[in-house]
Amino acid sequence: MPRAIWKGSITFGLVEIPVGLVSARRRGADLSFDMLDKRDLSPVGYKRVSKSTGREVPWEEIVKGYEYEPDQYVVLGDRDFERANPEAARTVEIMDFVDLASIDPVFFEKPYYLEPLKRNSKGYALLRETLRRTGKAGVARVVIRAREHIAAVYPRGRALAMVLLRYVHELRPAEEIEAPGEDLKHLEVSAQEIRMAERVVQAMAAEWDPGRYNDGYRDDLLSLIDRKVAAGQTRAIEEPEERRPSRARGEVVDLMPLLRRSVEQTRSRSTSSPRKQKRPAGSRKGHRSRSA
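Residues numbered from 1 in each chain as written. Predicted model: local features only at pLDDT ≥ 70, side-chain atom pairs only at ≥ 80, totals over all residues. Heavy atoms only, no water.

**Describing the environment of Gly8**
So, step 1. Summarising the element assignment, Gly8 is placed in strand 1 (residues 6-12).
So, step 2. Along the backbone, Gly8 and Val19 are 11 residues apart, and their C-alpha atoms lie at a distance of 5.6 Å. (Helix = DSSP H or I, 4+ residues; strand = E, 2+ residues; numbered from the N terminus.)

Shown next as structure tokens:
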């Protein structure tokens with residue numbers, strides 16, 4: 001069972017629901033690579049070195065300090081972070097309820113689960129079912145690791161999930177991106193091309209099923225590692241090849257032939273049998289799969 005990061009309560013109005021905060025991200029999902037010295041492939045490690053003495057400092061001797069004046073610090077321990085605001089440090093305080101679908105995915109940052117501390121928590125079940133039936137999410141204030149976040153609380157199966165949200169000031173406005181304007185006539189995008197592109201989208205439309213997708217690049221990378229081990233290529237370093245652009249910059253492309261071929265491909269794909277999914281790379285034996 002995953003370990004709770006902290007234990008506290010969800011609050012909305014006068015209702016208080018005891019919960020534990022559990023990371024929703026599974027450990028070991030990423031491939032982990034060690035840094036090596038290119039000359040002899042010896043491991044290269046990180047050291048926490050004191051700037052004044054040059055000696056390595058073990059974790060148990062490290063404390064957090066706030067520099068209030070040059071070279072003058074206030075030292076804070078774990079109890080200090082809770083003492084600053086004991087209620088906020090252990091509370092998911094729901095401030096508003098909004099339509100879950102109205103939250104732009106660009107704001108989503110990190111997922112968690114809110115696990116009830118009592119197995120048959122009536123308040124937990126009540127909040128979960130109310131959110132499910134109304135299609136709402138609770139916009140909450142929560143403190144994690146000495147920083148206040150905003151988050152969205154919503155039902156996921158039998159559990160309540162909570163995803164941390166980015167603040168508006170953390171996101172670059174879309175207007176800063178040098179994207180094509182909305183004058184399609186000026187861009188020479190024809191009505192026929194739009195209709196054909198819509199046909200491609202409709203032909204490729206599907207119900208969202210996360211189980212259909214897997215990390216193909218991870219599988220390919222593990223296959224490459226297997227081939228190198230089998231061939232004894234465990235120390236050779238190959239220089240990357242320079243990639244040439246497929247076409248010159250600024251070249252105008254006739255999109256209609258590409259759109260027609262896309263429609264034809266999706267038609268033939270829908271009539272053929274579904275492709276067999278690759279075996280998850282994590283099922284391979286002999287490979288480490290630690291969290292980076």
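**Quick notes on the packing of aromatic side chains**
So, step 1. Counted by the stated rule, this structure contains one aromatic pair.
So, step 2. Between Phe12 and Phe97, the ring centres sit 6.0 Å apart and the planes meet at 90°, which makes this aromatic pair edge-to-face. Highlighted residues: Phe12 in strand 1 and Phe97 in strand 5 (residues 91-99), separated in sequence by 85 residues.
So, step 3. Overall, Phe12 belongs to the buried group, its relative accessible area being 18%. (Phe/Tyr/Trp six-rings, centres within 6.5 Å; stacked < 30°, edge-to-face > 60°. Buried < 20%, exposed > 50% of the residue type's maximum accessible area, 1.4 Å probe, protein only.)

**Notes on the pattern of salt bridges**
So, step 1. In this structure the tally under the stated criterion is eight salt bridges.
So, step 2. A salt bridge links Arg141 to Glu93; its shortest N-O distance comes to 2.8 Å. Taken together, the positions of Arg141 in strand 7 (residues 136-144) and Glu93 in strand 5 put the pair 48 residues apart, joining distant regions of the chain.
So, step 3. Taking the relative accessible area as the measure of exposure, Arg141 reaches 29% and is therefore partly exposed.
So, step 4. One salt bridge connects Arg172 with Glu176, and the closest N-O pair in it is separated by 3.2 Å.
So, step 5. Judged by relative accessible area, Arg172 falls into the exposed class, the value being 62%.
So, step 6. Residue Glu176 is classed as partly exposed on the basis of its relative accessible area, which comes to 47%.
So, step 7. Where salt bridges share partners, they join Glu93, Arg141 and Glu148 into one cluster. (Salt bridge = Lys/Arg side-chain N within 4 Å of Asp/Glu carboxyl O.)

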